[in-house]
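A structural walkthrough
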Amino acid sequence: MAKKKAAKKKTAKKKVAKKKTVAKKKTAKKKTAAKKKTAKKKVAKKKTAKKKTAAKKKTAKKKVAKKKTAKKKTVAKKKTAKKKVAKKKTSKKKRTPNAAFMKPVTISDALAKIVGSAPIPRTQVTKKLWAYIKKNKLQDSVNKRMIIADEKLKEIFGRAKKVSMFEMTKLVSKHLK
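From a predicted model like this one, the values you see are computed outputs, not experimental measurements. (Residues numbered from 1 in each chain as written. Predicted model: local features only at pLDDT ≥ 70, side-chain atom pairs only at ≥ 80, totals over all residues. Heavy atoms only, no water.)

This brings us to the overall build of the protein chain. Assigned secondary structure in the protein chain consists of six helices and two strands. Listing every helix and strand of the protein chain by position from the N terminus yields α-α-α-α-β-α-β-α. The C-alpha atoms of the protein chain give a radius of gyration of 53 Å, which is well past the 16 Å a tight globule of 177 residues would have. Going through the 177 residues of the protein chain one by one, you find that 16% of them count as buried. On the protein chain, roughly 15900 Å² of surface is accessible, and the fraction owed to carbon and sulfur atoms is 61%. Across the protein chain, the centroid of the 73 positively charged side chains sits 70 Å from that of the 6 negatively charged ones. (Helix = DSSP H or I, 4+ residues; strand = E, 2+ residues; numbered from the N terminus. Rg over C-alpha atoms; globule rule 2.2 N^0.38 Å. Buried < 20%, exposed > 50% of the residue type's maximum accessible area, 1.4 Å probe, protein only. Areas by Shrake-Rupley, 256 points an atom, 1.4 Å probe, with all protein chains shown as cover. Lys, Arg positive; Asp, Glu negative; His and termini not counted. Charge placed at Lys NZ, Arg CZ, Asp CG, Glu CD.)

Here it is as structure tokens:
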């Protein structure tokens, strides 16, 4: 009996030892699986970090490229501006007045009261007439294009009280020969 008990104890110890080794193997497997997961996570983090740095590099390259194109555009604009200035300088000649405007004309008696009786060019007649209008404040205060005629101007305007500045040139041309 003692032998049976001893054999039972040995088998029991063997079973316990087996259970312990199985449990150790399971925990070891769990630990290795956990290590593998953490290793995978680290690898994934490294990959995403690499992707982010690659993306940052790409955006940095794009920014540099944009800056280069912007510089090229500004340089091109400056060149075209210089060309335009050069063209303007070369093409800018002093304007010669039209001979018809500079030809002295005879002035009627009604217009001579304002401008003077000596023959002068049409441009000078217009200048003197505007000087007279502004000196005597004959422009309408609301609509500056309208001219309010006084006694001297009524003779030129044909008795009209108000005349636009465009009509004025037409009416004045009748008094020039």
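Moving on to unusual backbone geometry. With a phi close to 55°, Lys-137 is a non-glycine residue in the positive phi region. Topologically, Lys-137 is positioned in the loop between α4 (122-135) and β1 (146-148).

Moving on, we get to the nonpolar core. Among the nonpolar cores identified, the biggest contains 23 residues, and Leu-111, Leu-153, Phe-157 and Met-168 are the most heavily contacted of them. Within the residue set of this core, elements represented by two or more residues are α3 (109-115), α4, α5 (151-157) and α6 (165-173). In terms of residue count, the dominant contributor to this core is α4 (five residues). If we skip the residues at most four places from it in the chain, Phe-157 touches Ile-147, Ala-149, Val-163, Met-168 and Leu-171. (Core = buried A, V, L, I, M, F, W, Y, C linked by side-chain atoms within 4.5 Å. Contact = heavy atoms within 4.5 Å.)

Let's shift gears to a positive patch on the surface. Together, Lys-36, Lys-37, Lys-40, Lys-41, Lys-42, Lys-45, Lys-46, Lys-47, Lys-50 and Lys-51 make up a region of like positive charge exposed at the surface. Tracing the backbone shows Lys-50 in helix α1 (residues 2-91). (Patch = residues over 30% accessible without salt bridge, like charges linked within 9 Å, V, L, I, M, F, W, Y side chains within 5 Å. Salt bridge = Lys/Arg side-chain N within 4 Å of Asp/Glu carboxyl O.)

Let's shift gears to the side chain of Asp-140. Relative to the elements of secondary structure, Asp-140 occurs in the loop between α4 and β1. For Asp-140, a relative accessible area of 15% corresponds to the buried category. Filtering out sequence-adjacent residues up to four positions away, Asp-140 remains in contact with Met-146, Ile-148 and Lys-162.

Tracing the backbone through its elements, the reader meets Ser-164 in strand β2 (residues 162-164). Once residues lying within four places of it in the same chain are set aside, the contact partners of Ser-164 are Arg-145 and Met-146.

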